[in-house]
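Breakdown of the fold
Here are the chains, one letter per residue:
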Amino acid sequence: MILKRLINKSWSNCEIYTCIRQLGTLKATSTSTPVVKQYQNYTCSNLSIPYTPTYYQSENNFMFQVLNKIPLVDNSRLAPSLPNADDSTFTSFLNSDWRNSSAPNIVNAFSAVKQYCIVNKIAISDTRFDKLVDGLMDHCEKLKDQELYDLLKCLSEYPPPSTFNSHNFHDVWSCLDDLCSWKLPNWDFNTIFAVGDVWFQLRLGKLADFIFESLDRLTRKADQLTKDQLVHLFFYYNICRRKTIAFNVEHALQSKINEMHVDEMAVVALGYFKTKTKIKLETIFRTMIEEVGNSAKGIHEMSLSAIMKVLRFSGPIRLVPEVNKMFDKLYPEMERFSDIACLHVALLGTGIQTFHPNMLRKCCQKLAENLQNLRIKDIERTLNVLTMFTFDPRTTPDVFEVAFEEIHKDNRIGEMIEYPKCLPAALYYFSLKGRYSYKLMDRILAEDFIRETYGKLPKLLPLQILSLDCCIDIECPDYKGNRLTPYIRYKAAKWLTEWTPSTDQWKKFSLKDKLFLDVEETIKKIVPNEEFIFIHHLLPHFSIADIVICKENGSFVTPSSLKQYILGDIMRPDLTDSKKWYAIMVLSWNNVIRQTTIPLGHTAMKLRQLKKLGYIPVPIFYHQFTYCTPEEKIKYILRKLV
């Protein structure tokens, strides 16, 4: 600890803890401020993190039940509960001279009063524990491995204090955390996992250095772990969330994944997802997908959600047929799953752009019936699924109507303040369907909202805000509310649009760049003069530029009227004469449902808005155009220029 080094490197940890506890008036009252707050520049304990289960705690508790746990021994050898315990006996017992006692007696003392504390809901942050905690600080380095485990196990069964840095509690767990970390190099795998499990039960897995350091040691020896130990390791990745999963761990997983049942795979999946690490090996993807399908009739909804989340995050694009087979097997079972589990199943399709209408319709019907009970974040995700595939599930009640009503309710204001980015996202998804809420758009386009949510710099502005502001010019002529300034819109468009590919660009060509250049070269063979070709972002809220050509009386002419615009403007064609304005859209794989010509939501909106402005949209689909010969490519484009 930094404080220890500042005081004197030769002091023992116990002496330092004792010194700290004697510095202030910590023991004056039960509401006194923990002394560690006097050293908040040196510790993280000034953070006010509630020591209570949060939303994800139930998920972690379920995953913990899946683990094959290995306790060191049972606790039957510990001292029995304090006989004839009452308040007076309890106080008198704790007021003993524990500083002159021994480590085994102190461990037994915590065990002896445990039942009384559970019944009367007394946490060790109670000032009556001060002397016992002082004694523990003096003798903690003398604790043997079994005594250390017994004490941690005992503390995990006590009523939890209000925060992790509560009086007494912070001193105890910090001291024991250091002790566990010191002993770690001498422990075998089973001991590490047994002690690590208790740290989770103390709800300190994210804070304890022992878990963090255990991950370091176990990761280096991942190939030596058994299947059960490997599942344990992924559980620790999940609760720690401060380390990404190394490739040697994934390689070890690849050799053990076939031995795991679906709940164990869910623990693995959550480890990947919570550490924001993508699965890289196809074998792991394939095994998870097959196991979910084979276990469809008995899979737990939390296991299903965990695996769906990591599949969506990692994007197994090559396994789309296997995913569809899995959906076919899950389809009859969807009624028994929770709304959240159904939502994660539906969201998987967005990650790999595969459309399974029957599954999506059933999920949306279930969500539509309970949308009022879902968080604003989940409503936003539901809209994401529906608008990506331009799909109307025709639910009863109508899922779009219910969602639109929910985001307008006053009782949602608290959620919107807590998750301010959800409302702009939800409004953006509604705009993909051509539906707008002027009241809410006025709120999120206000300068104060944008500055507080995203910051002052235009480069931090998300696509949703820019898109909604641009849509006002095209589809909301009677809107009178807040707008982006021209300067912010120009700067935001510069950050959110992509450079138009060129043959002399310095960066490496992507497949999308090659497709665009191929289309451009083909058009140059059709149009007699390059001056007749105009390439720019007609709609600044779409990242890819369009290729514009103009015909008058069957001949190509210069689209000169577009040259008055700059990036960030909605570029409107001159409709005062008989010209035909063709906006050629180069659609790569992420603009359409995979291997189809069905546009995704943002592409469908672009087609709609180009038509509204007076252009004739000409979509060029990658899977139709790429495999043609040069002559066939010319004919392909000419057929569309009618």
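Thresholds, definitions, all that
Along each chain, numbering runs from 1 in the same order as the chain's sequence is written. With pLDDT at 70 or above as the cut-off, local features in this predicted model cover only qualifying residues; side-chain atom pairs require 80 or more to be listed or tallied, and sums for whole chains, interfaces and linings still use all residues. Values shown for side chains rest on all heavy atoms present in the structure; no hydrogens or waters enter the calculation. Only a pair of cysteine sulfur atoms within 2.5 Å counts as a disulfide in this structure description. Burial classes follow relative accessibility: with a 1.4 Å probe on protein chains only, a residue under 20% of its type's maximum area counts as buried, one over 50% as exposed, and anything between as partly exposed. Helix and strand assignments follow DSSP, with helices taken as H or I runs no shorter than four residues and strands as E runs no shorter than two, numbered in order from the N terminus. Residue contacts are defined here by distance: any two heavy atoms, one from each residue, within 4.5 Å place the two residues in contact. Under the rule applied, a polar contact is a pair of N or O atoms within 3.5 Å (in protein, one hydrogen donor and one hydrogen acceptor; residues adjacent in sequence only if both atoms are side-chain atoms). Whether two strands pair comes down to DSSP finding at least two bridges between them. Viewed with both strands pointing away, a crossover whose connecting path from the first strand over the helix to the second turns clockwise is right-handed. Per-residue confidence from the predictor is given as pLDDT, running between 0 and 100. Definition used for salt bridges: Asp or Glu carboxyl oxygen within 4 Å of a side-chain nitrogen of Lys or Arg. The length a helix should cover is 1.5 Å for every residue beyond the first. Each aromatic pair joins two rings of Phe, Tyr and Trp (for Trp, the six-membered one) with centres within 6.5 Å, and gets the label stacked for planes under 30 degrees apart, edge-to-face for over 60, and tilted for any other angle. Geometry is summarised by axes, namely lines fitted to C-alpha atoms with helices restricted to the contacting stretch, and by angles between N-to-C directions that run from 0 to 180 degrees. Any angle that falls under 35 degrees is termed roughly parallel, while one over 145 is termed roughly antiparallel, one within 65 to 115 roughly perpendicular, and all others oblique. The hand of a helix crossing depends on one turn: near helix anticlockwise from the far one by less than a right angle means left-handed, and clockwise means right-handed. In this classification, Asp, Glu, Lys and Arg are treated as charged, Ala, Val, Leu, Ile, Met, Phe, Trp, Tyr, Cys and Pro as nonpolar, and every other residue, Gly included, as polar. What is meant by a nonpolar core is a set of buried Ala, Val, Leu, Ile, Met, Phe, Trp, Tyr and Cys residues, joined one to another through side-chain atoms within 4.5 Å.

Another point: the state of the cysteines. What the rule picks out here adds up to 0 disulfides. C175 provides the cysteine sulfur closest to C180, a residue in no disulfide bond, and the two sulfurs are 9.6 Å apart. On the basis of relative accessible area, C180 is assigned to the buried category, the value being 0%.

Moving on to helix α21 (residues 399-406). Burial within α21 is extensive, with 6 of its 8 residues counted as buried. Buried residues belonging to α21 abut α19 (357-370), α20 (376-388) and α23 (422-432). At the N-terminal end of α21, a side-chain oxygen is found 3.2 Å from the backbone nitrogen of F400, two or three residues along, and the residue is D398.

Turning to the pairing of strand β4 (residues 580-587), a few remarks are in order. Remember that side chains alternate between the two faces of the sheet whenever the strand is regular. In terms of residue burial, β4 counts as a mostly covered element, since 7 of its 8 residues are buried. Sheet topology note: the strand β2 (residues 546-552)/β4 ladder contains 5 bridges and is antiparallel. Pairing of K551 across the sheet is with K580, part of β4. As paired strands, β4 and strand β5 (residues 616-621) are joined by 6 bridges and run parallel to one another. Residue A583 lies in a different strand from β5, and its bridge partner there is P617. Once the chain exits β4 it traverses helix α29 (residues 601-613) before rejoining the sheet at β5, and the crossover so formed is right-handed.

Turning our attention to the confidence of the model for the protein. When pLDDT is averaged across the protein, the result is 87; 90% of the residues are at 70 or more. When the elements of the protein are averaged for pLDDT, helix α1 (residues 2-7) gives the smallest value, 34, and helix α26 (residues 463-475) the largest, 97.

This next bit is on the side chain of S588. Here S588 lies in the loop between β4 and α29. Ignoring sequence-local partners within four residues, the contact set of S588 consists of K512, L515 and Y622.

So, on to unusual backbone geometry. Here the residue pair T396 and P397 is connected by a cis peptide bond, since its omega of 0° sits within 30 degrees of zero. With respect to the element layout, P397 can be found in the loop between α20 and α21. The backbone of Q353 shows a phi angle near 55°, a positive value even though the residue is not glycine. Looking at the secondary structure, you find Q353 in the loop between α18 (339-352) and α19. We note that R394 has phi near 55°; this positive angle belongs to a residue other than glycine. Mapped onto the fold, R394 is located in the loop between α20 and α21.

With that out of the way, let us pick up the pattern of salt bridges. Within the structure shown, the criterion is met by 33 salt bridges. Measuring nitrogen to oxygen at the nearest pair gives 2.6 Å for the salt bridge that ties E282 to R286. Taken together, the residues E282 and R286, both in helix α15 (residues 282-294) and 4 residues apart, mark about one turn of the helix. In this structure R286 comes out as partly exposed when scored by relative accessible area, which is 28%.

Counted at 1.5 Å a residue, the expected span for helix α12 (residues 227-240) with its 14 residues is 20 Å, and the 20 Å between its end C-alpha atoms agrees. For α12, a buried count of 13 out of 14 residues is recorded, marking the element as mostly surrounded by other parts of the structure. Positive backbone phi, approximately 65°, marks R241, located one or two places after α12.

This next bit is on the packing of aromatic side chains. Under the defined criterion, the tally for this structure stands at 21 aromatic pairs. Here F355 and F391 contribute two aromatic rings whose centre-to-centre distance is 5.3 Å and whose plane-to-plane angle is 70°, an arrangement assigned as edge-to-face. Pair noted here: F355 is in the loop between α18 and α19 and F391 is in the loop between α20 and α21, with a separation of 36 residues, a long-range link. Considering the side-chain rings of Y438 and Y479, the 5.4 Å spacing of their centres and the 80° angle between planes classify their relative orientation as edge-to-face.

Moving on to the packing of helix α3 (residues 57-66) against α12. At their nearest, the axes of α3 and α12 sit 11 Å apart, and the two run at 165° to each other. Comparing their axes, α12 and α3 come out roughly antiparallel. In terms of crossing hand, the pair formed by α3 and α12 is left-handed. Of α12, the residues touching α3 (which contributes N60, M63 and F64) are F235, N238 and I239. Residue composition of the contact of α3 with α12, grouped by class: 4 nonpolar, 2 polar and no charged.

This part is about the nonpolar core. Within the largest apolar cluster, 213 residues are counted, with the highest numbers of intra-cluster contacts made by F110, F129, L143, W199, I307, V519 and Y615. Setting aside its immediate chain neighbours within four residues, Y615 contacts L538, V548, L562, M571, R572, P573, W581, A583 and L610.

Assignment of secondary structure puts F235 in helix α12. Counting along the chain gives 38 residues from F235 to D197, while the straight-line C-alpha distance between them is 9.6 Å. Aside from chain neighbours lying at most four places away, what touches F235 is N60, M63, F64, L67, F200 and V267.

Packing of α23 against α26 leaves a shortest axis separation of 9 Å and a crossing angle of 45°. As judged from the angle between their axes, α23 and α26 are oblique. Handedness of the α23/α26 crossing: left-handed. On α26, the residues that touch P424, A425, L427, Y428 and S431 of α23 are L463, Q464, I465, S467 and L468. Looking at the contact of α23 with α26, its residues break down into 7 nonpolar, 3 polar and no charged.

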